[in-house]
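# Summary of structural features
Here's the letter readout for the chains.
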2 protein chains.
Amino acid sequence: MSAPEIDRLIELLAKLPGLGPRSARRVALHLIKRPAQLMTPLADALAATAEAISPCQICGNVDTSDPCRICANPERDASAICVVEDVADLWALERTGVHRGRYHVLGGTLSALDGVNPEDLNIGKLVDRAKETAVLEVILATNATVAGQTTAHYIVERLASAGVKVSRLAHGVPVGGELNYLDDGTLTAAMKSRRPL
Amino acid sequence: MSAPEIDRLIELLAKLPGLGPRSARRVALHLIKRPAQLMTPLADALAATAEAISPCQICGNVDTSDPCRICANPERDASAICVVEDVADLWALERTGVHRGRYHVLGGTLSALDGVNPEDLNIGKLVDRAKETAVLEVILATNATVAGQTTAHYIVERLASAGVKVSRLAHGVPVGGELNYLDDGTLTAAMKSRRPL
């Protein structure tokens, strides 16, 4: 019914995470009402971002400069590398400001089912970085999922010969969490890692 | 933390209907992972659509041709004009295929609170169209809301002198609806408009 340009736009929007055919149509209609004020700026922002970004050759972060501004920042602690699955996880940690060191983005997790092998992830470079004398600690911040923990275990093995301290994020009761609503795995982990007061 | 281009993109995405800051970040991260495969095509689709679309001078529909392909289609019944608030409503009716006539898109509803007056809506052109001899019926398909019904009443008054039949969509129990869960207004309307079997 509608124009092929609009159909194509809806089709692309519907593939975005969190959007389906109905919400994609809603977004398209919203943009169509004010093409010059809404649609063109979004098109320009997307084109500018696609043009500007590139993966950091050191850590795998995505930024408009290479090395990324975290790797290039001399104020960031070069002795600690925090290993994350994804750029999204890096952003989440950066929002907390808790990690003052560098990062290493794996680009996913090992998965035999999906055919993701170690050489598909950014692990080789991590091993090289861990061998640098400046690096004292590798903090594994993969997700607390089976895939994330499998990947963490594999990295621990690979780093065994690098002579670097390897740690992982603590598991336990989330801040603000109620025991009542927590799963058994989390409660078990929290009990096992209990700390003296 | 992230690049200004990415921040700007997230800011624009967060303004889309159904998206907020969190889901906008998620969409941006999804696009960032594969700029050439996902981000550039979406930028191009948006730019192409913004470039191609224009409002139909006859009915107010948005299409890549003017008059739109409904107004330009000689197979559509020129005697019946269905009046809708928005292009979204026109699309919804077109999906059902129940209306074989033309449309007229008002571009909103009258609203004293929001300062929307009759001259802000596409009503003048509707009155002109209703006076054409080919037009026999105007079907008011504004929403069954206070604003939609107020607008419909106003249009009925304006069309009084046009010598055209004016009708509106039936109100009643939605198909598949359970009386138990319906509001009083709908039930009252359904009872008042009951039909002999």
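Residues numbered from 1 in each chain as written. Chains lettered and ligands numbered in written order. Predicted model: local features only at pLDDT ≥ 70, side-chain atom pairs only at ≥ 80, totals over all residues. Heavy atoms only, no water.

### Section: the pattern of salt bridges
A pair can form between side chains of opposite charge whenever their charged atoms are brought close. Short version of the rule: Counted as salt bridges are all cases of a side-chain nitrogen of Lys or Arg within 4 Å of a carboxyl oxygen of Asp or Glu. A run of H or I in DSSP counts as a helix once it spans at least four residues, and a run of E counts as a strand once it spans at least two, with each numbered from the N terminus.
Inspection of the entire model under this criterion finds six salt bridges over all chains. Among the ionic pairs, K33 of chain B bridges to D86 of chain A, the shortest N-O distance being 3.4 Å. Linking K33 of chain B in helix α2 (residues 21–33) with D86 of chain A in the loop between β3 (77–84) and α4 (87–96), this pair reaches from one chain into another. Residue R69 of chain B is joined to D63 of chain B by a salt bridge in which the shortest nitrogen-to-oxygen separation is 3.0 Å.

### Re unusual backbone geometry
That bond from D66 of chain A to P67 of chain A is cis: its omega, 0°, falls within 30 degrees of zero. Its place among the elements puts P67 of chain A in the loop between β2 (62–63) and β3.

### Some remarks on the sheet that holds strand β5 (residues 137–140) of chain B
Either a parallel or an antiparallel arrangement is found when strands of a sheet pair, and the pairing is made through backbone hydrogen bonds. All names here are of chain B. What counts is decided by this rule: Strands pair, by our definition, only if DSSP identifies at least two bridges between them. The angle between two axes is taken between their N-to-C directions and runs from 0 to 180 degrees, where each axis is a line fitted to C-alpha atoms and a helix contributes only its stretch in contact. Contacts are assigned to residue pairs that have any heavy atoms within 4.5 Å of one another.
Reading across the sheet, the four strands line up as β4-β3-β5-β6 and stay open at both edges, with parallel pairing between neighbours. Since the sheet does not close on itself, it has two edges, and those belong to β4 (101–105) and β6 (165–168), each with one partner. Neighbouring strand axes in the sheet, compared pairwise and without regard to direction, differ in orientation by 25° on average. When strand β3 (residues 77–84) meets β4, the two strands line up parallel, connected through five bridges. Across the sheet, the residue bridging to I81 is R102, located in β4. Sheet strands in contact with helix α6 (residues 146–159) are β3, β5 and β6, and its direction is about 165° off that of β5.

### Description of α6 of chain B
Residues and elements named next belong to chain B. Applied cut-off: Helix span, expected: 1.5 Å multiplied by one less than the number of residues in the helix. The rule is simple: take the accessible area with a 1.4 Å probe, protein chains only, and divide by the maximum for that residue type; under 20% is buried, over 50% is exposed, in between is partly exposed. The reported arc concerns the directions from the helix axis to the C-beta atoms and nothing else.
Over its 14 residues, α6 runs 20 Å from end to end, which matches the ideal 20 Å to within 8%, given 1.5 Å per residue. Taken together, the buried positions of α6 are occupied by G148, Q149, T151, A152, I155 and L159. Projected down its long axis, α6 carries its buried residues within an arc of 155°, all on one side. Among the exposed residues of α6, those oriented more than 90 degrees off its buried face are V146, H153 and E157. In this structure, the buried side of α6 is in contact with β3, α5 (124–131), β5 and β6.

### Let's talk about the layout of surface pockets
Empty space among the atoms becomes visible once a probe the size of a water molecule is rolled across them. Residue and element names in this part refer to chain B. Let me state the cut-off plainly: Of the grid points, spaced at 1 Å and generated over the protein atoms alone, those admitting a 1.4 Å probe that cannot get out make up cavities, while open sets with protein on both sides within 12 Å along at least five of seven lines make up pockets; any residue with an atom within 4 Å of a point is treated as lining. Grid points are joined across faces, edges and corners, and a volume is the space filled by probe spheres set on the points.
By volume, the largest pocket amounts to about 500 Å³. As for the largest pocket, its lining consists of 21 residues, of which T142, A144, L169, A170 and H171 are closest to the centre. Elements with a contribution of two residues or more to the lining of the largest pocket: α4 (87–96) and α6. Here the element with the most residues in the lining of the largest pocket is α4; it accounts for four residues.

### Description of the pairing of β6 of chain B
All names here are of chain B. As a reminder of what qualifies: A crossover counts as right-handed when, viewed with the strands pointing away from the observer, the path leading from the first strand over the helix to the second turns clockwise.
Note that β5 and β6 share four bridges and pair parallel. Bridged to E137 within β6 is K165. Running through α6, the crossover from β5 to the neighbouring parallel element β6 is right-handed.

### Digging into the domain arrangement of chain A
Worth spelling out the cut-off: Residue ranges labeled as domains rest on an automatic or database domain assignment.
According to the domain assignment, chain A consists of domain 1 (8–52) and domain 2 (62–168). The centre of domain 1 of chain A, based on its C-alpha atoms, is set 33 Å off from the matching centre of domain 2 of chain A.

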